[in-house]
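# Overview (structure and organization)
Residues per chain are reported as follows:
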Amino acid sequence: MPADPKTLLADLTEFLRIPSQSGSPELRGEIRRAAEWVAQRLRRAGIEHVEILETAGHPVVYGDWLHRPGAPTALIYGHYDVQPPEPLELWTSPPYEPQVRGGKLFARGASDDKGGVAAAIAGIEACLKESAPPINLRFCIEGEEEIGSPNFGSMLAREKRRLAADLVLSADGVEWSERQGFLLLGLRGGCSAEIRVSGPDRDLHSGLYGGAVLNPLEALARLLTSLRHADGRIAIEGFYDDVATATPEDRAEYARVPHDDAAYARDIGVPALHGEPGYSTVERCWIRPTVEINGMWGGHTGPGPKTIIPAQAHAKLTFRLVPNQDPARVYALLERHIARHAPAAVKVEVKSGGFGALPYAIARDHPAVRAAAEVLREVYQVAPYEGRVGGSVPVLAAFEQVLGASAVDFGAATMDANFHSPNEFVYLSSLERAARCFELMVRRGAGLLP
């Protein structure tokens, strides 16, 4: 019997009212409240040995159902933390006061990832109520995914035996649309960096010193433009050395996914698209690495003129990485590139931005992938699209490294759900489908592995 939609909506609405922003120290108590909510919901679903595991940061919620000796074990992963909601003035309704409008539930975390977590628990609860599943279950719901899971790796190493599993079922996934499932085969990794350019020891009068001193903002601009060629290729020496090449089969599958460049450009408000030559827009976003300038600042930015040469200029960068690329190596390549291109008239420092994630990929012929494809076909009544997502879920590579467990993703989020943006939402129908996917995947668990 499928999960009850009204109960699922009521539970998620309660969950969404908790402002569990992992990057906001002043809301640490709300993070704890969200963890406790997850723990109570797991107990109500029939999950046993539920416990809140402490980390050096925000806690992880654990639970299990282990009644099938010798059978495979699936670990259900998700996260209860959310992004900050700013800018608040762009929300139609307050971000932590969930509202249903037009078949959608609007709130921060509705799609990323509280909707997925609530749907996963509801689907597995429905399975447990009807009959005992053929596999063992463990739950691992964390509270730091939105800040890069900085303490998850040490927790995973410490709790390796408790979290042992043959397969990970991630609730932090997506569906292509309300009518089309999506089989996620990989995510990009990433790393971040900050650059500081220092010139004079104080802001200088541009009339008295202009022409004799290199402006740090100008030097920074030169350094940033040196990162890319004009055609979009990344110019950092050695950057592409480790990039895995997509197979012809992969590229044929990605070409099957419908995409309209003109509509895509209109939707995001740009006059034209731009990117690495030789690849489609879908491929650029899924299987090719990037470098992006996230922000740059320095000098006077207030109203009116201020005739200065600023003392410093700053920038933040992020890279998105694909299979075989390592964040530490890419960061080292960046340091070398900046050192080679830094003008002698300024001092340049590069430091880590605190984000690092390995890319993740699962083979198309993995038994769990084939099982997931069958489940998606049953739920959507059409074969799923197969592909990747350009974002990062750092823990998936960690699960594979530490537990030896690959991951399959299901989720309630759609591509248009505004996650990380104002007016984030989840389709009510998506919640029901995600719950059903988890229910069916667990029911058929005995066939997930050889």
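Further up the page is the structure itself.
Quick caveat, the model's predicted, so the values are computed rather than measured. (Residues numbered from 1 in each chain as written. Predicted model: local features only at pLDDT ≥ 70, side-chain atom pairs only at ≥ 80, totals over all residues. Heavy atoms only, no water.)

Here we take up the sheet that holds strand S16 (residues 360-361). The sheet built from three strands is open, its strands ordered S16-S9-S17 with mixed pairing. Each end of this open sheet is capped by a strand with a single partner; those strands are S16 and strand S17 (385-389). When strand S9 (residues 182-187) meets S17, the two strands line up parallel, connected through four bridges. In the strand pairing of S17, leucine 184 is matched with glycine 387. Against the sheet, helix H11 (residues 367-380) makes contact with S9 and S17, and its axis sits at roughly 145° relative to S9, the strand it touches most. (Pairing = 2+ DSSP bridges. Helix = DSSP H or I, 4+ residues; strand = E, 2+ residues; numbered from the N terminus. Contact = heavy atoms within 4.5 Å. Axes fitted to C-alpha atoms, helices over the stretch in contact; angles between N-to-C directions.)

The next thing to look at is the side chain of arginine 41. Assignment of secondary structure puts arginine 41 in helix H2 (residues 28-45). By relative accessible area, arginine 41 is classed as buried at 4%. In this structure the side chain of arginine 41 is engaged in a polar contact, spanning 2.7 Å, whose partner is the side chain of glutamate 125. Once you skip the residues sitting within four places of it in the chain, arginine 41 turns out to touch Asp11, Ile121, Ala122 and Glu125. (Buried < 20%, exposed > 50% of the residue type's maximum accessible area, 1.4 Å probe, protein only. Polar contact = N/O pair within 3.5 Å; in protein donor to acceptor, adjacent residues only side chain to side chain.)

A few words on helix H10 (residues 327-341). Along its 15 residues, H10 runs 21 Å from first to last C-alpha, staying within 8% of the 21 Å computed at 1.5 Å per residue. Inspection of H10 places Pro327, Val330, Tyr331, Leu333, Leu334, His337 and Ile338 among the buried residues, and these make up the whole buried set. For H10, the arc enclosing every buried residue in end-on projection is 160°, short of the 170-degree limit, so these residues lie on one face. Turned more than 90 degrees off the buried face of H10, the exposed positions are Ala328, Ala339 and Arg340. Next to the buried residues of H10 lie strand S10 (189-198), helix H6 (216-225), strand S14 (312-321) and strand S15 (347-357). The N-cap residue of H10 is aspartate 326: its side-chain oxygen and the backbone nitrogen of alanine 328 are 3.0 Å apart. (Expected span 1.5 Å × (residues − 1). Arc of directions from axis to C-beta.)

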